[in-house]
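Here's the letter readout for the chains.
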Amino acid sequence: MGVKDKENVDWAEVKQKFDACMSINFAFMGGFEMQYLNIRPCILAEQYIENENGNLYDYKIHCFNGKPEYIQVIGDRDLKTHKAREAFYNTQWVLQPFTYTYPRYDKGKKKPEKLQEMLRIAAALSRGFIYVRVDLYELEHGEVKFGEMTFTPASGMDCWNPPAA
């Protein structure tokens, strides 16, 4: 939930959403994600970030045994309709012939200026894990921000396109 203007927020609605989230056992919400089973629920508030054009590209770096292998770029998001576009690249920024969650960008995306730094961060954070996805953002002024780490994207329920991927 993104809040751009704290002066015009329906705090009762926010509290209702938070209360609902606090009652969910995320281990069983969309699948079988046992890493969430014994985590005490809490609400984290982060600084709202976006680029000047309003489009914040999400670089989801899929890492295997501490090594980044693929970068999933998601952008043009509409959070209300849960629509976006995506493209996959290898670590040399070569466009890959598959998608996972969203329709593919018609044209490739520009390589982020801080790609090597992002890959170093992902490698460091993924060390010791068989698989983890490390999500990062690159802001217009070149700053890299951490998003999250996830071990079971979409509970493993989204479909690869093509299925052989």
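Source: prediction; values computed, not measured.

Draft legend 1. Looking closely at the packing of aromatic side chains. Summed over all chains, the structure comprises nine aromatic pairs. Seen in terms of ring centroids, Phe28 and Phe32 are 6.0 Å apart; in terms of plane orientation they differ by 45 degrees. Their pairing is tilted. Under the relative-accessibility criterion, Phe28 is labelled partly exposed at 43%. We classify Phe32 as exposed; its relative accessible area is 61%. Pairing Phe98 with Trp160 gives two aromatic rings, centres 5.7 Å apart and planes at 75 degrees, and the pair type is edge-to-face.

Draft legend 2. Spatial organisation of the pairing of strand 2 (residues 67–78). Where strand 1 (residues 58–64) lies against strand 2, seven bridges are found, and the strand directions are antiparallel. Paired with Asp58 across the strands is Ile74, a residue of strand 2. Taking the residues between adjacent antiparallel strands as the criterion, strand 1 and strand 2 are bridged by two residues, where Asn65 takes a positive phi near 50 degrees. For strand 2 and strand 3 (residues 83–90), the ladder comprises seven bridges, and the chain directions are antiparallel. Bridge pairing links Gln72 to Phe88 in strand 3. Once strand 2 ends, the chain turns through four residues before running back antiparallel as strand 3, passing His82 with a positive phi of about 55 degrees.

Draft legend 3. Quick look at a nonpolar patch on the surface. On the surface, Phe28, Phe32, Met34 and Leu37 cluster together to form a nonpolar patch covering roughly 390 Å² of accessible area. Summarising the element assignment, Phe32 is placed in the loop between helix 1 (11–22) and strand 1.

Draft legend 4. Expanded view of the pattern of salt bridges. Scanning all chains against the criterion turns up 10 salt bridges. With its nearest N and O atoms 3.4 Å apart, the salt bridge here joins Glu13 to Lys17. With Glu13 and Lys17 both in helix 1 and four residues apart, this pair spans about one turn of that helix. With relative accessibility at 39%, the residue Lys17 sits in the partly exposed group.

Draft legend 5. Representation of the environment of Glu69. Topologically, Glu69 is positioned in strand 2. Separated by 64 residues in sequence, Glu69 and Asp5 place their C-alpha atoms 38 Å apart.

Draft legend 6. Focus on the side chain of Ser155. On the secondary structure map, Ser155 appears in the segment after strand 5 (144–150). At 2.3 Å, the side chain of Ser155 forms a polar contact with the side chain of Glu33. Residues in contact with Ser155, not counting those within four places in the same chain, are Gly30, Gly31 and Glu33.

Draft legend 7. The sheet that holds strand 5, seen in detail. The antiparallel open sheet is built from five strands, whose spatial order is 3-2-1-4-5. A strand with exactly one partner marks an edge of an open sheet, and here the two such strands are strand 3 and strand 5. Ignoring which end each strand starts from, the neighbouring axes of this sheet average 25 degrees apart. Sheet strands in contact with helix 2 (residues 115–126) are strand 1, strand 2, strand 4 (131–138) and strand 5, and its direction is about 145 degrees off that of strand 4.

Draft legend 8. The arrangement of unusual backbone geometry in detail. Along the chain, Asn161 connects to Pro162 via a cis peptide bond; the corresponding omega equals 5 degrees. For Pro162, the location among the structural elements is in the segment after strand 5. Of note, His82 is a non-glycine position whose phi angle comes to about 55 degrees, a positive value. Relative to the helices and strands, His82 is located in the loop between strand 2 and strand 3. In this structure His82 comes out as exposed when scored by relative accessible area, which is 59%. With a phi close to 65 degrees, Trp93 is a non-glycine residue in the positive phi region. Position of Trp93 among the secondary structure elements: in the loop between strand 3 and helix 2.

Cut-offs and rules
Residues numbered from 1 in each chain as written. Predicted model: local features only at pLDDT ≥ 70, side-chain atom pairs only at ≥ 80, totals over all residues. Heavy atoms only, no water. Phe/Tyr/Trp six-rings, centres within 6.5 Å; stacked < 30°, edge-to-face > 60°. Buried < 20%, exposed > 50% of the residue type's maximum accessible area, 1.4 Å probe, protein only. Pairing = 2+ DSSP bridges. Helix = DSSP H or I, 4+ residues; strand = E, 2+ residues; numbered from the N terminus. Patch = residues over 30% accessible without salt bridge, like charges linked within 9 Å, V, L, I, M, F, W, Y side chains within 5 Å. Areas by Shrake-Rupley, 256 points an atom, 1.4 Å probe, with all protein chains shown as cover. Salt bridge = Lys/Arg side-chain N within 4 Å of Asp/Glu carboxyl O. Polar contact = N/O pair within 3.5 Å; in protein donor to acceptor, adjacent residues only side chain to side chain. Contact = heavy atoms within 4.5 Å. Axes fitted to C-alpha atoms, helices over the stretch in contact; angles between N-to-C directions.

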